[in-house]
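For reference, the chains in residue letters:
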Amino acid sequence: MWRTALCVGLLAACSGGEEPRSGAAQERSATPTSVSTLEEDIARGPEAVVEVEADGEAEIPVEHEPPIDLHFLWPTPAEADVRLVSEHAFGAGAPVSASYRYRFVVTHEAGAYRITRTGISLESHEGTERLRLGNVLAQDVTQHAGDVRIAEDGSRITAVSGFDPIEAAARGVLAQAGIEGTFADAILQLDRNGWQALAVVDIDSMVHDWRDRSLALGAVEPADALPGVEATRVLRAASVPCGDGGAPTCVELVRMEQGVTPHGHLEHVYVLLADPQTLRPYRFEHEARTVDTQRDVDYSERWITTFVWR
């Protein structure tokens, strides 16, 4: 599924925002963190030091904490109210953003989890170019609507509801933004291509690289990636408040990807705030950037998904 995740920014950039498309970050004091800042902070990791100011004594290394085990065991039945923020920048082009709310239900059935995402509604949107706005809205809905099945061990994730309920939800959101008729038809026809991968990409990113791992705080590890792409993962923070009062203490998990293309580069950062005992998500952020000097493309996008469990 990492292939799908890498294609998100690339497809968006290649379209240049001029045609309908489909395709499949860190939080500190609610402030976005850039890829370079993440790398600098993570590099300090377990090698961080305490400076002694008294009389110039040698720096004292901080002791390593024991590894933290991560388990995939989402509690069921469970329900969350989800808020999604989607932001897209097209270089010199007009930016597009939108925010949504929807319902996220987890049940257990026949040795698997079923995720049902319904009731998506558009809270706000900005974008002066209707085609770009419509493309973003359709992609966002496809990424966050419909049913998904997850194998009990997290090894396989598939879309199971078909595209029809996703299309109906997307039409509703597009209509809220004043995009209807043949214009909406054209956008959704293209969105129908490859929708299965896009419908599962966020959940896959929250489960795939973290289940059944044991990570030491601040220790950067290599991760699987496409050829030509370097990927690393790290347990960036432990004992982080999950954010809904009385909830278990969370950890902050970061995956970074960097790849070189013939005329530029791409970068992805994924940040997951989750309960280490279950990997139940409380916040998931994906930030991506694609640069192609030949096509004069400098495209960035960012999704922030927040879960409030009932």
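Asker: Which residues make up the state of the cysteines, and what are the values?
Answerer: On inspection of all chains with the given rule, the structure shows one disulfide. Here Cys242 engages in a disulfide with Cys250; their sulfurs sit 2.0 Å apart. Disulfide Cys242 to Cys250: torsion about the S-S bond roughly 105 degrees, handedness right-handed. With respect to class, Cys242 is no different from Cys250; both count as buried.

Asker: Break down the sheet that holds strand β14 (residues 249-261) for me, with residues and values.
Answerer: Strand order in the open sheet made by the eleven strands is β10-β9-β8-β7-β6-β17-β16-β15-β14-β13-β12, with antiparallel pairing throughout. Bordering the open sheet on either side are β10 (157-159) and β12 (221-222), each of which pairs with just one other strand. For strand β7 (residues 96-109) and strand β8 (residues 112-126), the ladder comprises twelve bridges, and the chain directions are antiparallel. Note that in β8 the partner of Val106 across the bridge is Ile115. Strands in contact with helix α4 (residues 164-176) are β7, β8 and β9 (146-151); relative to β8, the strand with the most contacts, it is inclined by about 15 degrees. Along the sheet, helix α6 (residues 195-207) contacts β7, β8, β9, β10, β15 (264-274), β16 (281-292) and β17 (297-309); its crossing angle with β10, the most-contacted strand, is approximately 150 degrees.

Asker: An account of the packing of aromatic side chains is needed here, citing residue identities and associated values.
Answerer: Considering all chains together, one arrives at nine aromatic pairs under this definition. When the ring of Phe90 is compared with that of Tyr299, the centres are 4.9 Å apart and the planes differ by 55 degrees; the resulting orientation is tilted. Taken together, the residues span a long stretch of sequence, with Phe90 in strand β6 (residues 78-90) and Tyr299 in strand β17 at a distance of 209 residues. Neither Phe90 nor Tyr299 differs from the other in exposure class; each is buried. What links up through ring pairs into an aromatic cluster is the set Phe72, Trp74, Phe104, Tyr113, Phe307 and Trp309. For the cation-ring pair, Arg132 lies above Phe90, with the distance from its terminal atom to the ring centre recorded as 4.3 Å.

Asker: Explain the pairing of β16 to me, and be specific about the residues and the numbers.
Answerer: Every regular strand shows the same layout, with side chains that alternate between the two sheet faces. Judged by how many residues are buried, β16 sits mostly within the fold: ten of twelve residues are covered. With eleven bridges joining them, β15 and β16 adopt antiparallel strand pairing. From the neighbouring strand, Ala274 faces β16, where its bridge partner is Pro281. Counting the residues in the hairpin turn of β15 and β16 gives six residues, including Leu279, whose phi is positive at 60 degrees. The hairpin turn running from β16 into β17, its antiparallel successor, is four residues long, and Asp296 in that turn takes a positive phi close to 55 degrees.

Asker: Summarise helix α3 (residues 130-143); cite the residues concerned and give the values.
Answerer: Here α3 is 14 residues long and its end C-alpha atoms lie 20 Å apart, about the 20 Å a rise of 1.5 Å per residue gives. Of all 14 residues that make up α3, twelve are buried, and the element is covered over most of its length. Where α3 is concerned, the buried positions are Arg132, Leu133, Gly134, Asn135, Val136, Leu137, Ala138, Gln139, Asp140, Val141, Thr142 and Gln143.

Asker: Quick one: what's the story with the packing of α4 against helix α5 (residues 181-191), residue by residue and with numbers?
Answerer: Packing of α4 against α5 leaves a shortest axis separation of 11 Å and a crossing angle of 140 degrees. Here α5 runs oblique to α4, going by the angle between their axes. The two elements α4 and α5 cross, and the hand of that crossing is right-handed. Here Glu167, Ala170, Arg171 and Leu174 of α4 come into contact with α5, specifically with Ala184, Asp185 and Leu188. Of the residues in the contact of α4 with α5, the class split is four nonpolar, no polar and three charged.

Asker: Which residues make up the side chain of Asp147, and what values do they have?
Answerer: Its location among the elements puts Asp147 in strand β9. When its relative accessible area of 15% is taken as the criterion, Asp147 is described as buried. Ignoring anything within four residues of it in the chain, the contact list for Asp147 reads Arg114, Ile115, Thr116, Arg117, Thr158, Ala159, Val160 and Ser161.

Asker: Explain the confidence of the model for the protein chain to me, using residue names and the numbers behind them.
Answerer: When the pLDDT values of the protein chain are averaged, the result is 82; 78% of them are 70 or greater. Counting interchain partners and residues more than four positions distant, the pLDDT-below-50 stretch residues 1-36 has 109 contacts. Low pLDDT (under 50) marks residues 42-62, which in the prediction has 25 contacts with non-local residues, meaning those over four places away or in another chain.

Thresholds, definitions, all that
Residues numbered from 1 in each chain as written. Predicted model: local features only at pLDDT ≥ 70, side-chain atom pairs only at ≥ 80, totals over all residues. Heavy atoms only, no water. Disulfide = S-S within 2.5 Å. Buried < 20%, exposed > 50% of the residue type's maximum accessible area, 1.4 Å probe, protein only. Pairing = 2+ DSSP bridges. Helix = DSSP H or I, 4+ residues; strand = E, 2+ residues; numbered from the N terminus. Contact = heavy atoms within 4.5 Å. Axes fitted to C-alpha atoms, helices over the stretch in contact; angles between N-to-C directions. Phe/Tyr/Trp six-rings, centres within 6.5 Å; stacked < 30°, edge-to-face > 60°. Lys NZ or Arg CZ within 6 Å of the ring centre and 35° of its normal. Expected span 1.5 Å × (residues − 1). Parallel < 35°, antiparallel > 145°, perpendicular 65-115°, else oblique. Left-handed = near helix turned anticlockwise from the far one by under 90°. Nonpolar A, V, L, I, M, F, W, Y, C, P; charged D, E, K, R; others polar. pLDDT = per-residue confidence, 0-100.

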